[in-house]
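An overview of the molecular structure
Chain residues, written in single-letter form:
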Protein chains: 2
Amino acid sequence: MRTQHDEATQGKATTSANSGDQSRPQHQIKYTSDAYPNLKRNPNFKRVDEEDIKFFKPLLGEAIIDGISHDVSSDLQPYNTDWMKKYRGHTRLVLKPDNVTQVSEILKYCNSKKLAVVPQGGNTGLVGGSVPVYDEIVINLARMNKIRSFDDVSGVLVADAGVVLQQADEHVASHKHIFPLDLGAKGSCQIGGNVATNAGGLRLLRYGSMHGNILGLEVVLPDGTVLDDLGTLRKNNTGYDLKQLFIGAEGTIGIITGVSILCNQRPKAVNVAYFGLESYEKVQEAYKEAKGQLSEILSAFELMDGASQWLYRRAAGKEPLLGGDYPFYCLVETSGSNSEHDTEKLDKFLEYVMGKEIVCDGIVAQDESQSQAIWGYREGVSEASQHWGGVYKYDLSIPLAKLYDIVAETRQRFNDNGLMGKGKPVVDVIGYGHMGDSNLHLNVCTRGYSKNVEEVLEPWVYEWVSKHNGSISAEHGLGLAKKPYIRYSRSETMMKLMKQLKDLYDPNGIMNPYKYI
Amino acid sequence: MRTQHDEATQGKATTSANSGDQSRPQHQIKYTSDAYPNLKRNPNFKRVDEEDIKFFKPLLGEAIIDGISHDVSSDLQPYNTDWMKKYRGHTRLVLKPDNVTQVSEILKYCNSKKLAVVPQGGNTGLVGGSVPVYDEIVINLARMNKIRSFDDVSGVLVADAGVVLQQADEHVASHKHIFPLDLGAKGSCQIGGNVATNAGGLRLLRYGSMHGNILGLEVVLPDGTVLDDLGTLRKNNTGYDLKQLFIGAEGTIGIITGVSILCNQRPKAVNVAYFGLESYEKVQEAYKEAKGQLSEILSAFELMDGASQWLYRRAAGKEPLLGGDYPFYCLVETSGSNSEHDTEKLDKFLEYVMGKEIVCDGIVAQDESQSQAIWGYREGVSEASQHWGGVYKYDLSIPLAKLYDIVAETRQRFNDNGLMGKGKPVVDVIGYGHMGDSNLHLNVCTRGYSKNVEEVLEPWVYEWVSKHNGSISAEHGLGLAKKPYIRYSRSETMMKLMKQLKDLYDPNGIMNPYKYI
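Residues numbered from 1 in each chain as written. Chains lettered and ligands numbered in written order. Predicted model: local features only at pLDDT ≥ 70, side-chain atom pairs only at ≥ 80, totals over all residues. Heavy atoms only, no water.

1. Description of the overall build of chain A
Just so we agree on the cut-off: Counting from the N terminus, the helices are the DSSP runs of H or I reaching at least four residues and the strands are the DSSP runs of E reaching at least two. With the radius of gyration taken over C-alpha atoms, the globule rule is written as 2.2 Å times the number of residues to the power 0.38. We call a residue buried when its accessible area falls under 20% of the maximum for its residue type, exposed when it is over 50%, and partly exposed in between, using a 1.4 Å probe and counting protein chains only. Two residues form a contact once any of their heavy atoms are found within 4.5 Å. Areas reported here follow the Shrake-Rupley algorithm with a probe of radius 1.4 Å; residue values treat only the protein chains shown as occluding. Counted charges follow a simple rule, with Lys and Arg positive, Asp and Glu negative, and His plus the chain ends left uncounted. Here the site of a charge means NZ on Lys, CZ on Arg, CG on Asp, or CD on Glu.
Assigned secondary structure in chain A consists of 17 helices and 18 strands. Relative to the 2.2 N^0.38 estimate, which gives 24 Å for 517 residues, the radius of gyration of chain A is 23 Å and therefore close to what a compact globule would have. Principal axes of the C-alpha set define a box for chain A whose edges measure 75 × 60 × 40 Å. Here chain A holds 517 residues, and the buried ones make up 64% of them. For chain A, the share of sequence-separated contacts (at least 6 apart) that also reach a separation of at least 24 residues comes to 74%. As displayed, chain A has an accessible area near 18,100 Å², and 47% of this comes from carbon and sulfur atoms. Looking at chain A, you have 57 positive and 64 negative side-chain charges, and the mean spots of the two groups are 4 Å apart.

Dropping the structure here:
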């Protein structure tokens, strides 16, 4: 298998309108409260004191980092900052429960005292959702890391929320199954966090979303109630499917403590091809043909524009994979149970698309190391985009027909504004992403932070996405970073209904405050 | 393709504890209010009068059946009774809106006046959920039957809720796609009803559930608010995924008026095999092998016990498909994009399971008519179960390892009680169903209604299912029929949280009252 470090690496040293600080050395992390001066601590929240510690200590024993009684700020640091080093909170208390009863006791207490909390999994999110802003208590799930059961007939895994994604996948792999989610941060992220953020990743095209694969959840509500819906059944039509609400709720209405998820058979054969195309119209044709001809074995259809490939080759010092230069490239992956059959299907597909001149040129990996090398031309783009100093990154869902238009229009805007080219702030605008999921990564590669560049981009990008019925956050969620822009993807009515739900479950607003909706 | 008339036919002339009337001629349909004497009309609901008609007439024109001003009881009859002829309501008003604005106006008015309503799609449900009990107004969606759009690159269909399932499938079939749901009632049921009941059906094993395939919904809430979430994106992480709540809510918190759904490529090749096995352990082994070897092309794995096949052959006058008699039979279907590859995989699988003596004997259909004939041995069981006069039917989800135990135990109970055999009320107990979905149909074939038989079965069946973490309704929903038994599948906490949600969206309780939770 290829090395997995897809878009989850994109947050590293990126810049955006509301952080705007990629030139700052990473070891001096600005407090979020300073970076977002418009935010104010909610005065209704109690501040943690010695009395609270007296409650938590007997409950959790050593599984607590207590910055109230002692100065342990360096111990607290990893829980206060996100892995991108873009956000930094002021928490003085970290709790590490190892079972659902403890989580329930903690939330019940915090709710009654109006102590704000932040649920924290692997802390690998890209939008600042898993670290405190002020002095919210961090409830870290890392110690809830047990596989509860796996049934290799049904393929259903039941596990604690704190199990690391890679461990979950390795566990089911030993039973010849595959976890239906895969993403760059798999070595650190936790499955509870994956569910809470409705993570998308690399396998969505094939295995579908969390909403289909999650069969059950155990969730602790803010008042301590345990929603015990950890079933393992594929079919259960007995009442409202409440667990669905917590998928993608980013810890704002409850803490997920257990997960039941359906895993498929692990594919025995994986094939990878890479080809060049003349236009986005041809890319769409190729995708349609891939869906039709590769059908049940198609596991990835990735798009990279010419600029992104030029950039990657230059930044990583690589040679072109094909003879000529093309405005578009695609990567196709198949996964199936029979290598011979899959190869035959893929060859036939390539023969067809080349015969019909849908594709100009293409290659097929002959072994795993070639597959990995080809994947490098897709996965390396994210890091390469930072090659010149700064990058503005957007993770957008856009209906396929219009998917690439925003890249061309963004480029046009910078040309019109005289901001792009030699000696100008913008080096290039690139587009790439999960074509099969209608998910585009729009990157504006710059020589550094620039107010002018930012003003060309925002709110124009969000307005464009909104006008074309897209989403301003395809797979990264809202967190703190995208909270201000949700209205570009959701109507006032939807916002009102969402807030109504938040108030229902979390009337004191203690769950992951200042973020999300 | 085979004729589709799966479990959706099973309701015909069935009996159950709370109807208990299969000996009554079908043309005399008992009022539900008489059959369920414990139910009482909610006195808070207003009765429809001339004033109300004055509001609805200008709004809907001719699209109204008004039993207040005129005697039109025969016109009202089809809306008052379900297609199984088991339930009969007293409505005197049917409204047939043809757009979302009309639905919104209707609900807003009804909510303000406390007029109870029943949303009605194709009226093909099996649990009495889509007809009134008393004088609830029927809001029938049949006129909202337009395909709004289909994108043959992304495979996303957007359509009115009242589009008939078969029409939806035919529409996407003309674009080489397949609707991810298929079930017996496809010629009558509507996609809005399918979503509202979270229908399972024949394609769930392959394409997954509604929760994964539905990309967007348009829903009118009881107060007339239109939840406009009819997106077409596979990824959109911007806030709570509210639409999920309406999938399987059976019209109790809103009326679905529009559906956006992801459709896959239509398979080009379909193969069917049928084989005999010695034990349920062997069935499980065969299923595991089928998953492993057929993997991405496996589209059905159906289980039929020996008794069910004996019964079918006797009732339908058919010969055995295999040379010997076996305690268990399975039907395996593959669907893929390459007939040759699929045949090779299936042959290899059969060779393996027969070589390893997992399977005793088997046949593979050589053409479509043989495929259909084999499917008959699975699909014909439901009708055959009524051959002796009566049948008690249960649609259960049970974890695979224990799936068949309930059949053997039920049989044992009747033997112990002396109720089964020649001249006794029970002819036989049979088990069959969607093995791939952990979904068992337990049928007790009787010579007629019997209080003694009923007492052996209930609540024992529900208790058994509850004890083994199953579901008392796998795919048929709750409606009126299963409302009393939900507590066998859901905890008090879950019930409380469900009721909280119902109260949030429908504080006056006007939506499909007397049913569901």
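Okay, back to it.
2. Some points on the interface of chain A and chain B
So the rule is basically this: Two parts placed together each lose some accessible area under a 1.4 Å probe, and the buried area is that loss summed for both. Think of a salt bridge as a Lys or Arg side-chain nitrogen and an Asp or Glu carboxyl oxygen that are within 4 Å of each other. Here a polar contact is taken to be a pair of N or O atoms separated by no more than 3.5 Å, where protein atoms must pair a possible hydrogen donor with a possible acceptor and residues adjacent in sequence count only if both atoms sit in side chains.
At the interface, 91 residues of chain A touch 91 residues of chain B. The contact between chain A and chain B buries some 7,300 Å² in all, and 54% of this surface belongs to carbon and sulfur atoms. Together, K235, N237 and Y240 of chain A form the three largest contributors to the area buried by chain A at its contact with chain B, with a combined 14%. Counting across the chain A and chain B interface gives eight salt bridges. Summed over the shared surface of chain A and chain B, the number is 52 residue pairs in polar contact (both at pLDDT 80 or more).

3. Points about the state of the cysteines
Residues and elements named next belong to chain A. Threshold: Disulfides are defined as pairs of cysteine sulfur atoms found within 2.5 Å of each other.
In the structure shown here, the tally under the stated rule is zero disulfides over all chains. Cysteine C263 is unpaired, with the sulfur of C189 as its nearest cysteine sulfur at 14 Å. Since its relative accessible area comes to 2%, C263 is described here as buried.

4. Focus on the confidence of the model for chain A
Note the threshold: pLDDT is a residue-level measure of predictor confidence that goes from 0 to 100.
Summary statistics for chain A give a mean pLDDT of 92 and a share of 95% for residues scoring 70 or more. What the predictor reports for the complex is a pTM of 0.93 with an ipTM of 0.93.

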